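Examining the three-dimensional arrangement
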Amino acid sequence: MESYHSFTYTALGAALGVYMAIATVIGILSIIAMWKIFTKAGKPGWASIIPIYNIIVLFQLVGLTPWLLLLYFIPIINVIAAIVLMIMVSIRLAKAFGKSSGFTVGLIFLNTIFILILGLGDSKYVGIPE
């Protein structure tokens, strides 16, 4: 019985380690992509590594007021606000780079891949649509 538990904990630890390694790689790729996106839009790239400030800069980049960030601090409302604001930012970010609604869907569902395409590709920041 003792060996069964040690095997279970070992397997669980290995799975957790793999998960953390993948999450770290995705996080680093996201930071690199956002750094490039900010730079293309004329914002400082280092802003992508500062928590909360990076969201403020992203909101400014897509024409949203940074005051919307306060919605993240209201219990229960924050869950709904996070989803709605993520969709709004995705729509506006695609438009700010002159991309189609199909690209917006990609930003919503495969965010890391599509921000890498925006940041590392030849996309140009065209500004906030009127």
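All values derive from a computational prediction rather than experimental measurement.

**So, the overall build of the protein chain**
Helices and strands together make up the secondary structure of the protein chain, namely five helices and zero strands. Counting from the amino terminus, the protein chain carries its helices and strands in the arrangement α-α-α-α-α. Over its C-alpha trace the protein chain gives a radius of gyration of 18 Å, far above what one expects of a compact globule, namely 14 Å for 130 residues. A principal-axis box enclosing the C-alpha atoms of the protein chain has dimensions of 65 × 35 × 30 Å. Considering only intrachain contacts with a sequence separation of at least 6, the fraction spanning at least 24 residues in the protein chain is 48%. About 8300 Å² of surface is accessible on the protein chain, with carbon and sulfur atoms providing 75% of the total.

**Quick word on the packing of aromatic side chains**
Scanning all chains against the criterion turns up three aromatic pairs. Ring plane angle 70° and centroid distance 5.5 Å describe the contact between Phe97 and Tyr125, whose orientation is recorded as edge-to-face. With Phe97 in the loop between helix H3 (77-96) and helix H4 (101-109) and Tyr125 in the segment after helix H5 (111-120), this residue pair connects regions lying 28 residues apart in the sequence. Where Phe103 meets Phe114, the ring centres are 5.0 Å apart and the plane angle is 80°; that geometry is what we call edge-to-face. One end of the pair, Phe103, is in helix H4; the other, Phe114, is in helix H5, and 11 residues separate them in sequence. What makes Phe114 buried here is its relative accessible area of 17%.

**Quick word on the nonpolar core**
The biggest cluster of nonpolar side chains holds 24 residues, and the ones touching the most others in it are Ile37, Phe38, Leu58, Leu61, Leu93, Leu107 and Leu118. Contributing elements (two or more residues each) for this core: helix H1 (2-40), helix H2 (53-61), H3, H4 and H5. Tallying contributions element by element places H3 first for this core, with five residues. Here Leu118 is in contact with Ile37, Lys40, Leu93, Phe97, Lys99, Phe103, Leu107 and Ser123, once residues within four sequence places are set aside.

**So, H4**
Turning to H4, its buried residues are Phe103, Thr104, Gly106 and Leu107. One face of H4 carries all of its buried residues, which in axial projection span an arc of 160°. Facing away from the buried surface of H4 by more than 90 degrees, the exposed residues are Ser101 and Phe109.

Reading the values: the criteria
- Residues numbered from 1 in each chain as written.
- Predicted model: local features only at pLDDT ≥ 70, side-chain atom pairs only at ≥ 80, totals over all residues.
- Heavy atoms only, no water.
- Helix = DSSP H or I, 4+ residues; strand = E, 2+ residues; numbered from the N terminus.
- Rg over C-alpha atoms; globule rule 2.2 N^0.38 Å.
- Contact = heavy atoms within 4.5 Å.
- Areas by Shrake-Rupley, 256 points an atom, 1.4 Å probe, with all protein chains shown as cover.
- Phe/Tyr/Trp six-rings, centres within 6.5 Å; stacked < 30°, edge-to-face > 60°.
- Buried < 20%, exposed > 50% of the residue type's maximum accessible area, 1.4 Å probe, protein only.
- Core = buried A, V, L, I, M, F, W, Y, C linked by side-chain atoms within 4.5 Å.
- Arc of directions from axis to C-beta.

Geometric values such as these leave the question of function open.
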